[in-house]
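# Architecture and fold: a report
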Amino acid sequence: MFIHTKYSIGYGMKSPEKTIQWAKDCGFPSLAVSDINSTTAILSSLKYAQSIAFPIVAGVDIRNGVKHCYLIIAENNRGFHELNAFLTQHLHESLNFPKAAPYLANCKIIYPLKNKPKTLRDNEFIGIQAHELNKLPFIKDVPKEKWLAIQLMTFQTKREFNTHRLLRSIDKNILLSQLSEKEQAPSTEQFYSYKELQALFSKANFILNQTFELLSQCQIHFGFNDDAEPQNIRTYTGTMEEDKALIQSLCLKGRSKRYPWADFSTKNDTAKAITDRIEREIEVIEQKGYMAYFLVTWDIIHYAKSQGYFHVGRGSGANSIVAYLLGITDVDPLELDLYFERFINLYRKNPPDFDIDFSWRERDDVLRYIFNRFPNTALICTYNTYKFRSCIRELGKVLGLPKTEIDKLAKGKYQLHELDHMSQLVLKYGKYIEGLPSHLSIHAGGVIISEKPTSWLSATFLPPKGFPTVQFSMLEAEDVGLYKFDILSQRGLSKIRESLDIIAYNQPEKAIHDIHDITFFKKDKKIQSLLQNGEAMGCFYVESPAMRMLMKKLNTTTYLDLVAASSIIRPGVSSSGMMKEYILRHKDQERRKLGHPLLLSIMPETYGIMVYQEDVIKVAHHFAGLSLDEADILRRGMSGKYRSRGEFDAIQEQFFSNCKEKGYADELTQTIWKQIESFAGYAFSKGHSASYAVESFQSLYLKAYFPLEYMVATINNFGGYYTTEFYIHEARRLGAKIEPPCIQNSKWETIIKGKTIYLGFQLIMGIDNKEIVRLLNYRKENGKFNSLDQYLRMLHPTLENLLLLIRINAFREISHDKQALKWQAHLFYKKSKVIKHQEVLFQQETKQYKLPQLQVDELEQSFEELDLLGFPLNNPFELLSSPIKNYISVNDLEKHTGQHITVYGYLVAIKTTRTKRGDLMNFGTFQDYNGEVFDTVHFPPSVKAYPFRGRGIYQLRGKVAQEFNYYSLEVIQQIKLKEVDDCRL
């Protein structure tokens, strides 16, 4: 009756819900969920148990390794808190659990017979297993009322026992044949039905009765979903009234800042609309009890701004004018006609959810602030589960299969009837293990701040970054009444922030427009030109081939166009055909009339086409007559995060029923439903798209006016759709001179001086950061180096790092003769067998030897760069063994529309997808000789006949296709051209 679920990771395999249902079906009065050193399963188990009116007990099986120390079960919610606090302490400090449990006033402690303490407290008992009943006559020092039956249950069948043993071997990383009996569960940890248990304890049935009597006294309770009590921090200031007053005050300040042109003293229509919206939102926020949620988020943003950090508030939170006025988001919901009810309404059961992005460099500091500022804070965990291929690899190892056989099984390259018995076992048990938790990890950004200590809900563990993390996921958090703060990181913000710093040192005389003045950017002609022509490489969210293609087709120039494009590009909209229809209606006013009149009236801005998540709600509400509450259930039901499938099915049935009553043709209803079904789970909320568009405009401004500085920031943050090589080529195309790392000028990160970009030392593969720090510190204090000898004597680098720097030509300002530098380095190390870093007061030049002039191929440096950077810095076309004499510039594709031509391109990126029939299809991005970018389409026959063969330059023959003034090459044949041989060999 004390069960181990699959959350006894590496040990158990049973689903908590299925086990609880089994226990009820076979007559158990109650059951204790007691996983090993974990309370992960408790909340989900309680939710299910309460839904079927079956009492369960919350407990934990305390073990050191596999050695069972004792069971702790909670008498009540306070006992659950005590249990979690005890468990947390040991998980945080990685301590062994004590042999004797501490005194936990609201818990029961059950010791196994073999770990019986000398004395027992009032709340402590001795557990007897069925196979130990013959020892009862010899237990003289423990009164009978202290005897309890503890039947630990882990597996139900022989197959499950085998699976358990395999899990233990995977956990220990040993062969199954090496797994000792001590490292696995004894055969007695099997599932027994209630009748079987009664039969086992028939000679001492009073023990079983005492056990279930005690379990009946141990009950904890949480409300779930509609019955859940709010668990979040309840007030920010200390009282609800002060919270409301603070929000009102902040909104007044924000109103003046965000709407300086509105005359609030005269109460004209504009001012009245703004004020009415603020008051209405505050009223709903107050009624729903979300004041503290808004104020805590404001507090976090306020701290970030005080540190000079940038942020983006996105998601449906951008639908709130209060969030806009508090500075949480930068999207004006009135400008975009965003309705607040998408974020919060009185009928919506699920809590609000702000997604706040910070720079990847600054997010951890923001998290540290949150944990220091608010006492009951924790991250949310995720359950990493075994995928089938990883199961195959792990099982192959523990069963001793050779690597070649494991690879064959993992890649599916086998005929089942040809496999031997052991390989078939791997496949068989791989299916059993697939989907089981492999370990607990942390949610990408989910933070909870609770009113009570988190130990009232869960134990916490410490992942590598050191932030306490609860042992349940966002689903259980929401079920129990906790709503999260999503504190996320991205590199786009880092690029924007770092660009400003780079501009400040490289062009201090240039004025930089306020990066937050989006209104100004929306009207800027240079920014509009970048969008219109798809020249947005490096810019947040608009640089991918698909987005560049879409912007060209739409002739995107306005903020609203970009907001729509951000959502249209999502898989559901594009795959359903609605993206193409949107483009057609965007360009042709007459075609817009083809839309259903009601849909056109519901979504005039998008020409009657569903583009945003809100459109699902609009259509369900206005077209199908569902209530807003029902419409939101429909939207959430398609998002992948929703779990009440029965409720969703009922809403789906209601949708069709309502449409029939309204007299719509079945064909029309089915068409509308398919559109909803195809994209609702993928589309962005309009506020989310608008938030992304704000960041896109900021990066577009920097790309338009400070292109080289912006590309340096892009290189340093390793962020974007393309590789570092591509951004370096883009910088060269924009007028930069690219220099490899240099000991006299470079830093760890890439820097710019005028129009010369010095690549950072961090780009050199295998370089030692500590030695570079020493180099930079010496150069800062003493100036540039005069010779290699000075460098060697003052810094004493390792030979390995020195040779890396010589090979990349970092000493070129001292000497261009790399071979001589290598000889000098080896001579130095030959003389100095033991090199120690030490300060030298007086530098003495060593004797210089005259070396013969060595012949060096002019392309040698390119191959060194290829080895050390991963790409050459010269034009890659210069490495071709046979130069191209005649080629068509991609800027001339328009002249060849519909013609079959041959072009040459350096491969930049490949996107692989599948057709509706499941055939492989590729989209390619290439650069021509001049660095201009063009895109290719590779249909299945081309992919099969002419697959990609890695980086390099390809001869591409195909047809020039044009759609909405966007030109691409439909490739019929591609040949990878031969490069010159490596001249170093």
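The coordinates are above.
Residues numbered from 1 in each chain as written. Predicted model: local features only at pLDDT ≥ 70, side-chain atom pairs only at ≥ 80, totals over all residues. Heavy atoms only, no water.

Another point: the overall build of the protein chain. Helix and strand counts for the protein chain stand at 37 helices and 23 strands. At 34 Å, the protein chain has a C-alpha radius of gyration in line with the 30 Å of a compact globule built from 985 residues. Along the longest, intermediate and shortest principal axes, the C-alpha atoms of the protein chain span 95 × 85 × 65 Å. Out of the 985 residues belonging to the protein chain, those deemed buried represent 56%. With the model as given, the accessible surface of the protein chain reaches about 44,600 Å², and the carbon-plus-sulfur share is 50%. Separation between the mean location of the 124 positive side-chain charges and that of the 113 negative ones in the protein chain comes to 5 Å. (Helix = DSSP H or I, 4+ residues; strand = E, 2+ residues; numbered from the N terminus. Rg over C-alpha atoms; globule rule 2.2 N^0.38 Å. Buried < 20%, exposed > 50% of the residue type's maximum accessible area, 1.4 Å probe, protein only. Areas by Shrake-Rupley, 256 points an atom, 1.4 Å probe, with all protein chains shown as cover. Lys, Arg positive; Asp, Glu negative; His and termini not counted. Charge placed at Lys NZ, Arg CZ, Asp CG, Glu CD.)

Turning our attention to the sheet that holds strand 19 (residues 900-914). Neighbouring strands of a sheet are bound in pairs by backbone hydrogen bonds; such pairs are parallel or else antiparallel. Sheet architecture is closed into a barrel: 5 strands sit in the order 19-20-21-23-22, paired in mixed fashion. Averaged over all neighbouring strand pairs, the angle between strand axes comes to 50°, with direction disregarded. With 8 bridges connecting them, strand 19 and strand 20 (residues 920-927) associate as antiparallel partners. For Arg914, the partnering residue across the bridge sits in strand 20 and is Leu920. Across the sheet, helix 31 (residues 724-733) touches strand 19, strand 20 and strand 21 (933-938), and the angle it forms with strand 19 is around 140°. (Pairing = 2+ DSSP bridges. Axes fitted to C-alpha atoms, helices over the stretch in contact; angles between N-to-C directions. Contact = heavy atoms within 4.5 Å.)

The next subject is the sheet that holds strand 1 (residues 2-3). The sheet built from 8 strands is open, its strands ordered 7-6-5-4-3-2-1-8 with mixed pairing. The outermost strands of the open sheet, each flanked by one partner alone, are strand 7 (147-149) and strand 8 (152-153). Sheet topology note: the strand 2 (residues 31-36)/strand 3 (residues 56-64) ladder contains 6 bridges and is parallel. Note on strand 3: the bridge partner recorded for Leu31 is Ile56. Helix 1 (residues 16-25) rests against strand 1, strand 2, strand 3 and strand 8 of the sheet, and its axis sits at about 150° to strand 2. This element, helix 3 (residues 77-93), spans strand 3, strand 4 (67-74) and strand 5 (107-112) of the sheet and lies at about 20° to strand 3.

This part takes up helix 8 (residues 269-288). Under the 1.5 Å per step criterion, the end-to-end length of helix 8 is 28 Å for 20 residues, consistent within 8% with the ideal 28 Å. For helix 8, the complete set of buried residues consists of Ala271, Ile274, Arg277, Ile278, Glu281, Ile282, Val284 and Ile285. Two residues or fewer past helix 8, Gly289 is found with a positive phi of approximately 75°. (Expected span 1.5 Å × (residues − 1).)

As a further point, take the pattern of salt bridges. According to the stated counting rule, one finds 48 salt bridges in the structure shown. One salt bridge connects Lys172 with Glu183, and the closest N-O pair in it is separated by 3.8 Å. With Lys172 in helix 4 (residues 158-172) and Glu183 in the loop between helix 4 and helix 5 (194-200), this residue pair connects regions lying 11 residues apart in the sequence. A residue is classified by how much of its surface remains accessible, and Glu183, at 23% relative accessible area, is partly exposed. (Salt bridge = Lys/Arg side-chain N within 4 Å of Asp/Glu carboxyl O.)

So, on to the packing of aromatic side chains. For the structure on display, the rule yields 53 aromatic pairs. Plain terms: the ring middles of Tyr290 and Tyr483 are 5.3 Å apart, the flat faces sit at 80° to each other, and that makes the pair edge-to-face. Highlighted residues: Tyr290 in the loop between helix 8 and helix 9 (291-306) and Tyr483 in the loop between helix 15 (474-479) and strand 15 (485-490), separated in sequence by 193 residues. Assigned by exposure class, Tyr290 and Tyr483 land together as buried. Relative to Phe697, the ring of Tyr559 has its centre 5.9 Å away and its plane inclined at 65°; by these criteria the two rings are edge-to-face. (Phe/Tyr/Trp six-rings, centres within 6.5 Å; stacked < 30°, edge-to-face > 60°.)

The next point concerns the environment of Arg277. If you trace the backbone, Arg277 turns up in helix 8. According to the relative accessible area criterion, Arg277 is buried, its value standing at 8%. Taking the C-alpha atoms as reference points, Arg277 and Ser320, 43 residues apart in sequence, are found 9.1 Å from one another. Beyond its immediate sequence surroundings of up to four residues, Arg277 is in contact with Asn319, Ile321, Pro333, Leu334, Leu338, Tyr339 and Phe340.

Trans is the common state for peptide bonds, and a negative phi is the common state for residues other than glycine. The phi torsion at Asp337 lies on the positive side, around 55°, for a residue other than glycine. Inspection of the secondary structure puts Asp337 in the loop between helix 10 (321-325) and strand 10 (355-359). On the basis of relative accessible area, Asp337 is assigned to the exposed category, the value being 56%. Even without being a glycine, Asn555 presents a positive backbone phi close to 55°. Note on placement: Asn555 falls in the loop between helix 19 (545-554) and helix 20 (559-568).

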